[in-house]
Amino acid sequence: MRKPVKYRIAFLIVAAACFYVGTLFLPETLPEITLSFESVWASTQWRNTVLVTLAYFVFLPVLYYFWIIQIGNQALWKLLLVFSLSSLVARYNYPEQLAYYFEFITYLKYPVIAVLMVIEILLLVTIVKALWGARKLSGDPRIHMLEQYEGDNIYEKGSKEAKKLELALMFAHEPASWYYAIPRFSRNHVPAIANLHLWSAQWWHVSLVCVALVVATYASYLAIHFGVKRLPLWWQLWFFTS
């Protein structure tokens, strides 16, 4: 397992633990006090809320910066993901006096959905173009990508050529799957040297998987529609991050 992947998994575990422990310490309501350091620290409810807020909005973003952005060479703007997730958890678990300050997170879902729709359409167009272009190839489309971007710079980590090759291989996986699943997909399909009899090659298996995905998706949206707040925190995080 690569180092960035290990730190990404470790961050997910730490973040889930912080959110779960934070909900245990957060009070339902906050008493009316004079806002000063001494009065805030003297009140157990306010002190716990401040400590949880530091964990959500200071500790986790700093940890994400060093473990994900620095080690994984990620873009700095991805810190917004941590702040958004912390704001979402705060919206549904903070005391009422503070929870309404995070009401803005519920309105962000509309522009996020619009951006995701645009990304989905672009991906669909790119995949369809790749599938149509792969019909003229002979052999595995991923091999053709390696030949197209052949050069010494592709083995240099972080180079422009290496990033292009990585992106090309990612998009070539879809035509490769179709290439091996449908013998007549390519006009220049090479002869098979063996035949594997698998369940995944049967039409009933494909139909069952499609039905299961549709049922799981519909059940997820029903759970969100009828009240995610009624579910445990672990399910809430899964629904909003999956």
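Residues numbered from 1 in each chain as written. Predicted model: local features only at pLDDT ≥ 70, side-chain atom pairs only at ≥ 80, totals over all residues. Heavy atoms only, no water.

(A) Fine view of the packing of helix α1 (residues 3-25) against helix α3 (residues 44-72). Following both chains from N to C, one finds α1 and α3 inclined at 175°, their axes separated by 10 Å at the closest point. One element, α1, and the other, α3, form an angle in the roughly antiparallel class. Here the residues of the contact of α1 with α3 are counted per class, giving 18 nonpolar, four polar and two charged. (Axes fitted to C-alpha atoms, helices over the stretch in contact; angles between N-to-C directions. Helix = DSSP H or I, 4+ residues; strand = E, 2+ residues; numbered from the N terminus. Parallel < 35°, antiparallel > 145°, perpendicular 65-115°, else oblique. Nonpolar A, V, L, I, M, F, W, Y, C, P; charged D, E, K, R; others polar.)

(B) Region of the structure containing the nonpolar core. Counting 20 residues, the largest nonpolar core has Phe11, Phe19, Tyr56, Phe57, Leu60, Tyr64 and Tyr94 as the members making the most contacts within it. For this core, the secondary-structure elements that each account for two or more residues are α1, α3 and α4 (79-93). (Core = buried A, V, L, I, M, F, W, Y, C linked by side-chain atoms within 4.5 Å. Buried < 20%, exposed > 50% of the residue type's maximum accessible area, 1.4 Å probe, protein only.)

(C) Just unusual backbone geometry, in detail. The backbone phi angle of Asn73 is positive, close to 55°, even though this residue is not glycine. Looking at the element boundaries, Asn73 is found in the loop between α3 and α4. Accessibility expressed as a relative area gives 61% for Asn73, which makes it exposed.

(D) A nonpolar patch on the surface, seen in detail. On the surface, Phe37, Trp41, Val50, Leu51, Leu54, Val58, Val62 and Phe66 cluster together into a nonpolar patch covering about 780 Å² of accessible area. Those elements giving two or more residues to the nonpolar patch turn out to be α2 (37-42) and α3. Note on placement: Phe37 falls in helix α2. (Patch = residues over 30% accessible without salt bridge, like charges linked within 9 Å, V, L, I, M, F, W, Y side chains within 5 Å. Areas by Shrake-Rupley, 256 points an atom, 1.4 Å probe, with all protein chains shown as cover. Salt bridge = Lys/Arg side-chain N within 4 Å of Asp/Glu carboxyl O.)

(E) The arrangement of the packing of aromatic side chains in detail. In total, this model carries nine aromatic pairs according to the counting rule given. Consider the rings of Phe57 and Phe102, whose centres lie 5.7 Å apart with planes at 15°: the pair is stacked. You can see Phe57 sitting in helix α3 and its partner Phe102 sitting in the loop between α5 (96-99) and α6 (104-107), a full 45 residues away along the chain. For Phe57, a relative accessible area of 18% corresponds to the buried category. Aromatic ring contacts, followed pair by pair, group Phe19, Tyr56, Phe57, Tyr94 and Phe102 into a single cluster. Residue placement shows Arg47 over the ring face of Trp41; its charged tip is 5.7 Å from the ring centre. (Phe/Tyr/Trp six-rings, centres within 6.5 Å; stacked < 30°, edge-to-face > 60°. Lys NZ or Arg CZ within 6 Å of the ring centre and 35° of its normal.)

(F) Representation of the confidence of the model for the chain. Per-residue pLDDT for the chain averages 78, and the proportion of residues at 70 or more is 82%. Mean pLDDT per element in the chain: helix α11 (residues 233-241) is the minimum at 48, and α3 is the maximum at 90. Low pLDDT, under 50, characterises residues 234-242; the stretch is placed with 19 contacts to residues that sit more than four places away or in other chains. (pLDDT = per-residue confidence, 0-100. Contact = heavy atoms within 4.5 Å.)

(G) Structural view of α4. Helix length check: α4 (15 residues) gives 21 Å between terminal C-alpha atoms against 21 Å at 1.5 Å per residue, within 8%. All of the buried residues along α4 are Leu79, Val82, Ser86, Ser87, Leu88, Val89, Ala90 and Arg91. (Expected span 1.5 Å × (residues − 1).)

(H) Broad picture of the environment of Glu166. Relative to the helices and strands, Glu166 is located in helix α9 (residues 160-181). Linking Glu166 and Leu146, residues 20 residues apart in sequence, is a C-alpha distance of 9.7 Å.

(I) View of the environment of Tyr100. Its location among the elements puts Tyr100 in the loop between α5 and α6. Spatially, the C-alpha atom of Tyr100 lies 9.4 Å from that of Ala90, the residues being ten residues apart in sequence. A distance of 3.0 Å separates the side chain of Tyr100 from the side chain of Tyr101, its partner in a polar contact. (Polar contact = N/O pair within 3.5 Å; in protein donor to acceptor, adjacent residues only side chain to side chain.)

(J) The arrangement of the side chain of Ser86 in detail. Its location among the elements puts Ser86 in helix α4. When residues no more than four places from it in sequence are discounted, the contact partners of Ser86 are Phe19, Tyr56, Phe57 and Leu60.

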